[in-house]
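# A look at the structure
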Amino acid sequence: MYRVAARPRPGRPRLERPAPPVVVALRRLPNPRLTGLGAGLFASAVMLVIGFLDWLVLDGSPLAFGLLFLPVSALTALWVRTADLVTAPISVPIAFAVGVVPISGGTGGVGGQAMALVTALAVHAGWLYGGTLVAGVIASVRKVRDMGRRQRAAAGAGKPVRPVRRPAPERG
């Protein structure tokens, strides 16, 4: 059985407690760290494949496309590196727009395709906002946890948590 070590306290032995089954299951998942560009390309490629499969199998079902967009948004926000967290909520709507092209159903040349794409984006804006919200919340939580981890590491190393501000040099 997997065990998670409890935070050691001064003067006490290190105790281990069993990890919850959810944590054990999440540790088995892959944990890639994509750059901002890589996360955008990942989301766009996956949504384009989902769009084509939706068009072929389900005749362009917006419900299936929207439901599959939510986990792609979550995975994009989970797999982007910490330094590029801000790109997750930006690249997810772009991926939605790329993926909706096959199911937009436009006819009659470039103008018809563009009009169908704009219409599909307007009609399915709820899914677009939902996926962007999912990516934004996950990225924000990851950023807050990273900031807390850095503060604890700085406090444990004896460094000041806040940077010391020095007065600006006088000019003139």
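Below: a short report on this structure.

Here is what the cut-offs are and how they apply
Residues numbered from 1 in each chain as written. Predicted model: local features only at pLDDT ≥ 70, side-chain atom pairs only at ≥ 80, totals over all residues. Heavy atoms only, no water. Axes fitted to C-alpha atoms, helices over the stretch in contact; angles between N-to-C directions. Helix = DSSP H or I, 4+ residues; strand = E, 2+ residues; numbered from the N terminus. Parallel < 35°, antiparallel > 145°, perpendicular 65-115°, else oblique. Left-handed = near helix turned anticlockwise from the far one by under 90°. Contact = heavy atoms within 4.5 Å. Nonpolar A, V, L, I, M, F, W, Y, C, P; charged D, E, K, R; others polar. Salt bridge = Lys/Arg side-chain N within 4 Å of Asp/Glu carboxyl O. Polar contact = N/O pair within 3.5 Å; in protein donor to acceptor, adjacent residues only side chain to side chain.

### Some words on the packing of helix 3 (residues 62-79) against helix 6 (residues 125-156)
- Orientation of helix 3 relative to helix 6, taken along the N-to-C sense of each, is 15°, at an axis distance of 8 Å. Here helix 6 runs roughly parallel to helix 3, going by the angle between their axes. Between helix 3 and helix 6 the crossing geometry is right-handed. Contacts from Pro62, Leu63, Gly66, Leu67, Phe69, Leu70, Ser73, Ala74, Ala77, Leu78 and Trp79 in helix 3 reach Trp127, Leu128, Gly130, Gly131, Thr132, Val134, Ala135, Ile138, Ala139 and Arg142 in helix 6.
- Looking at side-chain class alone, the contact of helix 3 with helix 6 contains 15 nonpolar, five polar and one charged residues.

### So, the packing of helix 4 (residues 88-100) against helix 6
- The interhelical angle for the contact between helix 4 and helix 6, taken along N-to-C directions, is 155°, at an axis separation of 8 Å. With respect to helix 6, the axis of helix 4 lies roughly antiparallel. Between helix 4 and helix 6 lies a crossing whose hand is right-handed. Counting all contacts with helix 4, which are made through Ala88, Pro89, Val92, Pro93 and Phe96, the residues of helix 6 involved are Trp127, Leu128, Gly131, Thr132, Ala135, Gly136 and Ala139.
- Of the residues that constitute the contact of helix 4 with helix 6, the class distribution is nine nonpolar, three polar and no charged.

### Quick notes on the pattern of salt bridges
- For the structure on display, the rule yields three salt bridges.
- Its salt-bridge partner being Asp84, residue Arg81 comes within 2.9 Å of it at the nearest N-O pair.
- A salt bridge links Asp146 to Arg149, with the shortest nitrogen-to-oxygen separation between them at 3.5 Å. Of this pair, Asp146 and Arg149 both sit in helix 6, three residues apart, roughly one helical turn.

### Remarks on the side chain of Ser104
- Mapped onto the secondary structure, Ser104 falls in the loop between helix 4 and helix 5 (109-123).
- Among the polar contacts listed, one links the side chain of Ser104 to the backbone oxygen of Val101, at a separation of 2.9 Å.
- Every residue in contact with Ser104, bar those within four places of it in the chain, is listed here: Gln113, Ala116, Leu117 and Ala120.

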